[in-house]
Structures are given as structure tokens and as C-alpha cells.
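Results of the structural survey
Residues per chain, in single letters:
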Amino acid sequence: MSRVEVERVYKIFGRRADEAMKLLQEGRSKADVLASTGCVVGVNDLSLRIEAGEIFVIMGLSGSGKSTLVRHFNRLIDPTSGTIRVDGRDILQFDRRTLRDFRRKTISMVFQSFGLLPHKSVLDNVAYGLKVRGENRADCRERAVHWIEAVGLTGFEHAYPHQLSGGMRQRVGLARALATDTDIILMDEAFSALDPLIRAEMQDQLLALQQQLHKTIVFITHDLDEAIRLGNRIAILKDGELVQVGTPDDILQNPADDYVERFVQRRAK
Amino acid sequence: MFPERLTFSIADAVNAWVDALVTHYGDLFRQFSDAVLSIIVALEGALRGAPWWLVLIVIVAIAWHATRRVVPTIVIGALLFLVGVMGLWDKMMQTLALMLVATSISVLIGVPLGILSARSDRLRAVLTPLLDIMQTMPSFVYLIPVLMLFGLGKVPAILATVIYAVPPLIRLTDLGIRQVDREVMEAVTAFGASRWQKLLGVQLPLALPSIMAGVNQTTMMALSMVVIASMIGARGLGEEVLIGIQTLDVGRGLQAGLAIVILAVVFDRIIQAYGRPRQEVRS
């Protein structure tokens, strides 16, 4: 059993989603559907499996639906059709309470522009996931302090997000996700807003942490270098469709089509 | 000339409706009125009964707690003292009691409605034109039926004040909550926060500056209603202005007007200080 199984998922934004679905199944393109129904196709008939303990990178240009796709895994977005199973459980069947529990204990997330609470200190931000699920203050504090140290922010516990640099803020975001000790961590372009040096540093840190933790990490990026550096496997998305899935070597040696080839060539230069 | 046969008046229907309301539910309205009145009377009694220096110290202490700055605190104290010097202390206490009750009722109605309206676009679509009407309808129009239902005195004055003063609070609460960063809300949802955890832990604290701006607007609008309210029997500074107008006593009117302005300044400073995000105050 894979940790995350996505089967034939479609996500269509717009009022005439049913019509748009039909057109897609007839094989029409994303642009056609937009022109004739006004609906935007986010994810188009996508299936994939993510194994426990791997860093699975989802890559694509902006607008390829990768951020939309990752939000299906914790149901920040619900699909128009299809099934999503996590550890064998169909998460689309969850009622509100089960879903909340699932988000608290099984899956956490790191955001591109950090999503930190501006009115809370670093310590309270890192402890947020623990506090929300009702753990006592002493435990929250202890775990938060531990993870603040692990990401190298000791000394900044009582600072507020607006006093930190971008790299430091994302360390807070990472510590917040790690502190909840969930099996799965979603990282939506987590390092894209950072400058190249800090970015490389954060990538090293993530790899070092992963060596000890063996989490299942779903990492979204638009950068092939980052994908190859971090990923055990890489999925390439275009217009909401899966173009290729494979190890970094597969992608570099045997690009499935022109789209992937262009990524690879640009890297070679 | 507009053709006669096309004219149509809703006046009779409305009159009949209000009359029926008064006949059938008059007692109910009176009971409500008495309940509100007892709160105001108690508060007014406490404010007027307490020694002036005690009230002054309490307000100055609140001002200090809110602003944490010496100069504004001293200025607030001095301004209030000035009102006492003008011989209007007692009247100011009456107006203050009226204001506090009107503002509290407005907050109790306005903040929850604002929260609901931030949740539902449909409710907002219904509420917006209603609030526009409440703000633009001349207040005398609803003063008359309010008078018929609640009688003369403080309670109708307060209700009229609430009708006039609550819309900006609803709007600004709604706006403040809607303006909370989308990604912050997404993050909070992703970590499994419940609705109440989102509301109390994130939305309200982040919307606080906007909500306090709404409370501020509400108090300012309530103050601007005191003169009109005095026409239906509310005592206090508004009454002084009214007497000034009726007896062509410009000086007396001006003094009371100044006292109202001072009260407005004091309220404004204190509420604005509480509306500032806390971490900025600290750093």
C-alpha cells in the first residue's frame, strides 16, 4: 500500500464543471475547455502513488496545477472527481471532524509565502499545530524549543515574524510543520521565495533532517535543479496532466517529451 | 406635474402597521425599555454619584493603560478637568453613561453581525443596502416610531443612536476579517484548526485594528447623535446645546459643544490606542 494514492483526479474551477469534464474526457485541451465553458482546468485525469519515506517532487511551470494538486492531499481543495487515499483511507469520505483530526495528526504543510501568524512569536508559531490539537502548554513549549533549535533559530523564540528575514521565516514554517510530527509533510514551493544561497542552505538542511526523520515529503517546485537535488522521484506536470514520473536519472536520461526535454536542456546550459 | 392617478402612498399602510405594533406589542416594548433603562440608570447613578476625582483618575488610568505615553495621558486628564471647570461635569457624566450603553449595545450587535457577514457573501449582499439605508435615512424618521414604541427618554435615544452608529462597526468588522491574509488562513486550516480556533485565535486578533476603527467610528457617530437625542428627552451635554439654541445663548451652546468635542477626543485616543497591534506597541 502506498502512502498517498491519487486515482483519476480531476479539478475544474468554474460553474460549468460538468460540461467541462465531458469535453476533457472527449480529449479536448485545457485551452479549448476554457474557451467553450469558461472553466479553468486545474488537474486533468491525474493518477500517481507516493511511497512512504520518499521525497516526492512535483514539478511544473506556473499554471501547471502543481499547487492545486498538492492542496488535494490535505483537502484544502476538493477534487471535482476521482479518489485520493492516504494510508489506504479514502480522505474524500471524511466528515468535518475526521478531516480536522487527519490534518492535525497525519499531514502538515509548509507554504510558499510562509503563512505565519503575524501576531504570534516564533515560539507560538512553531507550537501552533500542537496547541490546536490540544496538547498542554509545557509539552508545546518543549517541542517547539526543540524544533526551533533543530532548524537553527535558537535565540529568536520571542521574535515576531516581521522581524525575521525570509530564510528565517521559512525555517519557522518548517519547524512548525516538523513539530507536529506528522508522517506526511507537504511543501508548496517552500523555498521558491528565498534567494539562491539561502535556498541551497535550506535544501541541505531539509536533506539532513530527512536522513534522521524518514518522513514522506511532497515537495512542489518549478526548478529542475531543486527537484533533482531533493527528489527520490520526480513527477512532471503540464496543464494539469502528468507528463512523466521517475527518478532524477530517468528524467535526465529519458525525457518523455519536448516539454520535459526543454527543462533538461535549460539545465545543461 | 406628475399625474395624480399614478401616485401611491405607503404612509397609511405604515401608520396602520406602527399603530398595530403599539397596540399589540406595546407592553413587550415597555418591558424591554424598562430593562435597558435600569442599566442606564444604574450606570449613570454610579458615574454621577462617584466623586469627580475618582472618575477622573479611573479615566486617566485607562488612558495610560491604552497609550503608555505620558503626554497624551496628561492631555486627556487636563481636558476632562477643563470640562469640570466649565461646570459641565455632571452633564458630561450623563452623556458618558448614554454613550457607554449605546456603544456596548452596538458592539454586541455589530461585531457578531460583522463576523457572520464576513463568512457569507449572501448575507453581506442583503446587509449592505440595509446598512446604507440605516446610515442615510434622516434620524428623525425613525425617532418618531421609536418614540411611539418606547416613550420619551433615554431608551429611545439610545436605540436611535444604535441604529445610526452600528453600520460602520458591522462593515469594518466584516472588512477586517476578510482582509486576513489568505495564506495565513490556509495554513491555519491545514493544521486542523476548528472554526472557533480560527475565529478567536487568528481572525479576530488580526482584524482587531479594523474592528477598533469601527468602534471608534461608532462612538463618534453616537456622540454626534447626543444633540438630536436630547430632543426626545435624553439629558446631558446635548440638552445644554439645545437650551443654548432655544435661548439664543451662544456661549452656553459653545461650552457644551466644546465638552462634546473633548469627550470625543478622549474616546478617540483611548480606542485608537487599543486598536494598535500589540507587538508594535511593545517594540
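Residue positions are counted from 1 within each chain, in the order its sequence is given. All chains are assigned letters beginning with A, and all ligands numbers beginning with 1, in the order in which they are written. With the structure being a predicted model, the display of local features is reserved for residues of pLDDT at least 70 and the display and counting of side-chain atom pairs for 80 or more, all residues being used for whole-chain, interface and lining totals.

All names here are of chain A. Paired strands, as defined in this entry, are two strands with at least two bridges between them according to DSSP. Note on conventions: DSSP H or I runs of at least 4 residues are helices, E runs of at least 2 residues are strands, and numbering of each starts at the N terminus. Spatially, the 4 strands line up as an open sheet ordered 2-1-4-5, and their pairing is antiparallel. Only two strands of the sheet have a single partner each, and these edge strands are strand 2 (40–50) and strand 5 (89–90). Summarising the sheet, strand 4 (residues 81–86) and strand 5 pair through 2 bridges and their orientation is antiparallel. By the bridge assignment, R85 is partnered in strand 5 with D90. Contact between two residues is assigned whenever their backbone-derived C-beta positions fall within 7 Å. Axes here refer to lines fitted to C-alpha atoms; in helices the fit is confined to the stretch in contact. Angles between the N-to-C directions go from 0 to 180 degrees. Lying over the sheet, helix 1 (residues 17–25) contacts strand 1 (4–13), strand 2 and strand 4, oriented at roughly 120 degrees with respect to strand 1.

Right, let's get into the pairing of strand 4 of chain A. All names here are of chain A. In the sheet, strand 1 pairs with strand 4 via 5 bridges, with the strands oriented antiparallel. The residue bridging E7 from the neighbouring strand is T83, located in strand 4. Hairpin connection from strand 4 to strand 5: 2 residues lie between these consecutive antiparallel strands, with D87 at a positive phi of about 50 degrees.

Below, the discussion takes up the UniProt feature "domain: ABC transporter" (unreviewed entry) in chain A. UniProt positions are given in the numbering used here, feature names are shortened, and annotations may be inferred rather than shown by experiment. When the UniProt feature table is mapped onto this chain, "domain: ABC transporter" (unreviewed entry) is found at residues 28–264 of chain A. The distance separating the terminal C-alpha atoms of residues 28–264 of chain A is 28 Å; by composition the span is 42% helix and 22% strand.

With phi around 75 degrees, A:F114 is a residue other than glycine that occupies positive phi space. With respect to the helices and strands, A:F114 occurs in the loop between strand 6 (107–110) and helix 5 (122–126). Residues with at least 20 other C-beta atoms within 10 Å of their own are called buried, those with 12 or fewer are called exposed, and the rest are partly exposed. The C-beta atoms themselves are positioned from the backbone. You can call A:F114 buried: it has 26 C-beta atoms within 10 Å. The backbone of B:L248 sits at a positive phi, close to 55 degrees, despite the residue not being glycine. Mapping B:L248 onto the fold places it in the loop between helix 11 (237–246) and helix 12 (250–275). The exposure class assigned to B:L248 is exposed, which follows from the 8 C-beta atoms found within 10 Å.

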